[in-house]
Amino acid sequence: MERIREAGEGDLEPLAGLVAQAWPEDGWSRRSLAAALTVPGARARVAVDAADRLCGFVLARRVADLLEIDLVGVAVAWRRRGVARRLLVALLAEEASGLGEARLELAAGNAPARALYEGLGFVVVGRRSRYYPGGDDALLLSWPAPASTT
Ligand SMILES: CC(C)(COP(=O)(O)OP(=O)(O)OC[C@H]1O[C@@H](n2cnc3c(N)ncnc32)[C@H](O)[C@@H]1OP(=O)(O)O)[C@@H](O)C(=O)NCCC(=O)NCCS
């Protein structure tokens with residue numbers, strides 16, 4: 001992977017391909033992906049190789065002091081080489097000014113993603129039982145860890 005840059009309309013096709021690879025059963029439609037690039041507060045970043053080919057992406061949305069991370073995906077050939085970590089570290093750094101919380105939701109059974117986020121300091125703050133169509137629970141993760149009330 002060579003660099004991280006903002007995603008644009010021209011990234012839609014490769015993004016859709018990568019989403020279909022990462023979520024073969026229930027990926028986002030092309031329309032929702034296009035919306036995710038243009039919605040107010042959209043924060044869409046792609047990691048590309050030297051030829052500007054897509055290695056991975058993060059789609060998020062900033063609303064006031066909240067950053068909602070919607071999707072993170074890395075092409076199979078690029079996995080386990082630090083692409084997702086670099087995308088998230090860069091995003092959190094870029095959004096640091098005025099940021100109160102970053103949060104996201106993931107399937108409880110998604111061990112790689114959970115390890116990725118917990119390694120960055122996200123903590124599980126909630127669980128929605130049987131949230132996904134397959135019956136898996138959803139975990140709600142937050143960064144930084146909420147201040148202790150004790
Ligand atoms: C989850 C995903 C984004 C990780 O991307 P990646 O670029 O391979 O992750 P990184 O190389 O940056 O890994 C960072 C850390 O995450 C954890 N991790 C990543 N993949 C892992 C795996 N297969 N098993 C266990 N831990 C894993 C590790 O702690 C890793 O650190 P380490 O390599 O130093 O041990 C990627 O596997 C993917 O696209 N999966 C399908 C889509 C998805 O589930 N997205 C997340 C929910 S939105």
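What this report covers is the structure whose coordinates are included nearby. Because the structure is predicted, anything quoted here is derived from the model rather than measured. Along each chain, the written sequence defines residue order, and numbers are assigned to residues from 1. With pLDDT at 70 or above as the cut-off, local features in this predicted model cover only qualifying residues; side-chain atom pairs require 80 or more to be listed or tallied, and sums for whole chains, interfaces and linings still use all residues. The side-chain quantities take in all heavy atoms of the structure and omit both hydrogens and water.

Some words on the site of the ligand
Next, step 1: Val72, Arg80, Gly82, Arg85 and Asn110 are the nearest of the 17 residues found near the ligand.
Next, step 2: N or O atoms within 3.5 Å of each other form a polar contact, as long as, within protein, one can give a hydrogen and the other can take it, and as long as residues adjacent in sequence are counted only when both atoms are side-chain atoms. Residue Arg79 places a side-chain N or O atom 3.4 Å away from an oxygen atom belonging to the ligand.
Next, step 3: Between the ligand and Arg80, the relevant distance is 2.7 Å, taken from an oxygen atom to a main-chain nitrogen or oxygen of the residue.
Next, step 4: Using a 1.4 Å probe, accessible areas were evaluated by the Shrake-Rupley method; residue-level cover was limited to the displayed protein chains. Protein contact buries 76% of the 910 Å² of open area that the ligand shows by itself.
Next, step 5: Cavities and pockets were defined on a 1 Å grid built from protein atoms only: a cavity is a group of points that admits a 1.4 Å probe but offers it no way out, a pocket is an open group of points flanked by protein on both sides within 12 Å along at least five of seven lines, and a lining residue is one with an atom within 4 Å of any such point. Grid points define the cavity or pocket, and a molecule sits in it when more than half of its atoms lie within 2 Å of them. When atoms are counted within 2 Å of each cavity's grid points, the one that captures over half of the ligand is the largest pocket.
Next, step 6: Looking at the shell around the ligand, the elements with two or more residues in it are β4 (66–74), α3 (83–94) and α4 (111–119).
Next, step 7: Helix and strand definitions follow DSSP, with helices as H or I runs of at least four residues and strands as E runs of at least two, each counted in order from the N terminus. Looking at the shell around the ligand element by element, the count peaks at 4 residues for α4.
Next, step 8: Any residue outside Ala, Val, Leu, Ile, Met, Phe, Trp, Tyr, Cys, Pro, Asp, Glu, Lys and Arg is labelled polar, Gly included; the first ten of those are nonpolar and the last four are charged. Of the residues contributing to the shell around the ligand, the split by class is 10 nonpolar, 3 polar and 4 charged.
Next, step 9: For each domain, the first and last residues come from an automatic or database assignment. Each of domain 1 (1–99) and domain 2 (103–150) gives at least three residues to the shell around the ligand. Note on terminology: near, applied to a residue and a molecule or strand, indicates that one of the residue's heavy atoms is within 4 Å of it.

Structural notes on the pairing of β4
Next, step 1: Among the 9 residues of β4, 7 are classified as buried, and the element is accordingly described as predominantly covered.
Next, step 2: Following DSSP output, two strands are said to pair if at least two bridges run between them. Of the pairings in the sheet, the one linking strand β3 (residues 54–63) to β4 comprises 8 bridges and is antiparallel in character. In the sheet register, Arg61 faces β4, and the bridge partner there is Glu68.
Next, step 3: Counting the residues between successive antiparallel strands, the hairpin from β3 to β4 contains 2 residues, one of them, Ala64, with a positive phi of roughly 55°.
Next, step 4: Relative to strand β5 (residues 101–107), β4 runs parallel, the two sharing 4 bridges. Looking across to β5, one finds that Leu67 is bridged to Ala102.
Next, step 5: One crossover worth recording links β4 to the parallel β5 by way of α3, and it is right-handed. To sort residues, take the accessible area from a 1.4 Å probe on protein chains only and compare it with the maximum for the residue type: under 20% means buried, over 50% means exposed, and anything in between is partly exposed. Note on handedness: a crossover is taken as right-handed if, strands pointing away from the viewer, the path from the first strand over the helix to the second is clockwise.

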